[in-house]
Amino acid sequence: MDSAALRPFVEAFTNRLVSLGYTRLTVSGYQDSARHFGQWLRLTKIAVAAVDDDAVRRFARHRCRCPGIRRVDYLSAKYVNRAPRL
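None of the values given here were measured: they were computed from a predicted structure.

**Student:** Would you explain the overall build of the protein chain in this entry?
**Tutor:** Along the protein chain, the regular secondary structure elements total four helices and zero strands. Moving toward the C terminus, one meets the helices and strands of the protein chain in the order α-α-α-α. Burial statistics for the protein chain: of 86 residues in total, 36% are counted as buried.

Structure, rendered in C-alpha cells:
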C-alpha cells in the first residue's frame, strides 16, 4: 500500500504508539488502516487538507478494490475508526 501524502503522519503515529508500549499487533492494525486510508485518498484524488467527516464516511462505504488490500464489499467499523486517529 502506498499511503502517499499521509506517509509522514502514519510513521509518526505508529512510532508514537510503539513509544507508548502498544503491542506490535495493535500498532500493525492501526498502521494498516491508516495506510489504506492514505492510499484510498490518493486513488480518489482527495487532498489531505480536504479530509473531513464526509471523506471518512466515503472511505467506510467504499467497495475495496485498492491494490495490496484484500477485496471486500465493506470495511468493519473498527477498521475504519482507526484511520482518522492520525
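What follows picks up the thread again.
**Student:** Would you mind showing me how to read the nonpolar core here?
**Tutor:** For soluble globular proteins, nonpolar side chains are generally found buried alongside one another. Ranked by size, the top nonpolar core spans 16 residues in total, and within it Phe-37, Trp-40, Leu-41, Phe-59 and Leu-75 carry the most contacts. For this core, the secondary structure elements donating two or more residues are helix 2 (24–44), helix 3 (53–61) and helix 4 (77–82). No other element matches helix 2, which puts four residues into this core.

Conventions adopted
Residues numbered from 1 in each chain as written. Predicted model: local features only at pLDDT ≥ 70, side-chain atom pairs only at ≥ 80, totals over all residues. Heavy atoms only, no water. Helix = DSSP H or I, 4+ residues; strand = E, 2+ residues; numbered from the N terminus. Buried < 20%, exposed > 50% of the residue type's maximum accessible area, 1.4 Å probe, protein only. Core = buried A, V, L, I, M, F, W, Y, C linked by side-chain atoms within 4.5 Å.

Read these as geometric descriptors, not functional statements.
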